[in-house]
Amino acid sequence: MNAIHIASSAPAFAKGRTALAAEDFDLYCTALSALCWRKFNGKITMCCDSRYAEYYDKIGITDIWNDIKICVADDLEGIDPLMFWAGGKLLALREVKAPVVMIDTDFIVWKTLEFGDALIAAHREEISDGIYPPLNFFRAGDHIIPDLSEEVLPLNTAFLYVPDNDFKEFYTCQAISFMKSAARCDDRLKYMVFAEQRLAAMCADYTGTPVRTLLDKGSLFYPQSDFTHLWGAKQAMRDHPELRGEFLWKCRKRLLSEFPEYAYIAEIIDILNGE
């Protein structure tokens, strides 16, 4: 099964960054995510903007993917990169053919998966006003199609298998239209997760597309042998050097044991972090 990783530099540059620099745990997870997908499930392409393509080439890790395609605009096609910090995912998904898996670079699949006609997401999310408010929360002028169910639970799209082009085009069209028409505000969570995660579930419900999930949300924080998702652990590793060191050690050990031909990735990460 073909899969895509996605990287967009627009949010970082909108915050004032002038150059790209990935953290060590991010690079390890990206490498293991790509290499494990190739080992167990098929080909994977990095879909990114020109700045990320140049960055990955510069640091020398492009071989972890089967291909790199520049299919995300550096300016996100005018979409506010601060409000819609994951907007590049939807722009990239629009450009590829289904069936396809969209997988975050901090999500690792450690086994062979089975695919069919159902949409597959990482897990369901709970609806709460703090994250997923009622549709009338969004300002007048925001694009929301009629007759979408507010009852269906949102889908976490750290992993998203899209089974056909009809659904892909419908979902990405609705999400991108919403992002482009949204009135600008300082809310950087509710708008983004609506566009990416709640709309995915609403569009599936609207089109009658069946849905499966890889994980049960109630067991997310238990040890997972089949999947790894860094998620909130990123901030924990920034705050606690001992956790970061332990994770890096485990990643290095796994990389060297399962993918010894990519041992140079560990050397690159060490050099980038001054070790």
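Analysis parameters
Residues numbered from 1 in each chain as written. Predicted model: local features only at pLDDT ≥ 70, side-chain atom pairs only at ≥ 80, totals over all residues. Heavy atoms only, no water. Pairing = 2+ DSSP bridges. Helix = DSSP H or I, 4+ residues; strand = E, 2+ residues; numbered from the N terminus. Axes fitted to C-alpha atoms, helices over the stretch in contact; angles between N-to-C directions. Contact = heavy atoms within 4.5 Å. Disulfide = S-S within 2.5 Å. Buried < 20%, exposed > 50% of the residue type's maximum accessible area, 1.4 Å probe, protein only. Polar contact = N/O pair within 3.5 Å; in protein donor to acceptor, adjacent residues only side chain to side chain. Salt bridge = Lys/Arg side-chain N within 4 Å of Asp/Glu carboxyl O. Phe/Tyr/Trp six-rings, centres within 6.5 Å; stacked < 30°, edge-to-face > 60°.

Pairing within the open sheet is mixed, and its 7 strands lie in the order β3-β2-β1-β4-β7-β6-β8. Two strands lie at the open edges of the sheet, namely β3 (67-70) and β8 (211-213), each paired on one side alone. Averaged over all pairs of adjacent strands, the angle between their axes in this sheet comes to 30°, without regard to strand direction. Taken strand by strand, helix α2 (residues 24-40) contacts β1 (3-7), β2 (44-48), β4 (100-103) and β7 (155-162), and its axis lies near 165° from that of β1.

Counted according to the given criterion, the structure contains 0 disulfides. Left unpaired, C36 is separated from the closest cysteine sulfur, that of C29, by 9.5 Å. A disulfide-free cysteine, C71 has its sulfur positioned 3.6 Å from the sulfur of C47, the nearest such atom.

Before going further, it helps to spend a moment on the environment of I6. Topologically, I6 is positioned in strand β1. According to the relative accessible area criterion, I6 is buried, its value standing at 15%. For the pair I6 and T105, spaced 99 residues apart in sequence, the C-alpha separation works out to 7.5 Å. With residues up to four places along the chain from it excluded, the contact list for I6 reads M46, C47, V72, G88, K89, A92, M102 and T105.

Mapped onto the secondary structure, E125 falls in the loop between β6 (119-124) and β7. Among the polar contacts listed, one links the side chain of E125 to the side chain of N156, at a separation of 2.9 Å.

Within the structure shown, the criterion is met by 17 salt bridges. Put simply, E77 and R94 hold a salt bridge, and the shortest N to O gap is 2.5 Å. Of this pair, E77 sits in the loop between β3 and α4 (87-95) while R94 sits in helix α4, and the two are 17 residues apart along the sequence. Judged by relative accessible area, E77 falls into the partly exposed class, the value being 32%. Between K89 and D104 there is a salt bridge, with the nearest N and O atoms lying 2.7 Å from each other. Pair noted here: K89 is in helix α4 and D104 is in the loop between β4 and β5 (107-109), with a separation of 15 residues, a long-range link. What makes K89 buried here is its relative accessible area of 10%. Salt bridges here are not isolated pairs; linked through shared partners, they connect E23, D24, R238 and R244.

To describe a pair of aromatic rings, one takes the distance between the centres and the angle between the planes. Within the structure shown, the criterion is met by 21 aromatic pairs. Geometrically, the ring pair formed by F84 and F178 is edge-to-face, given 6.1 Å between the ring centres and 80° between the ring planes. Of this pair, F84 sits in the loop between β3 and α4 while F178 sits in helix α5 (residues 165-181), and the two are 94 residues apart along the sequence. Accessibility assignment for this pair places F84 and F178 in one class, buried.

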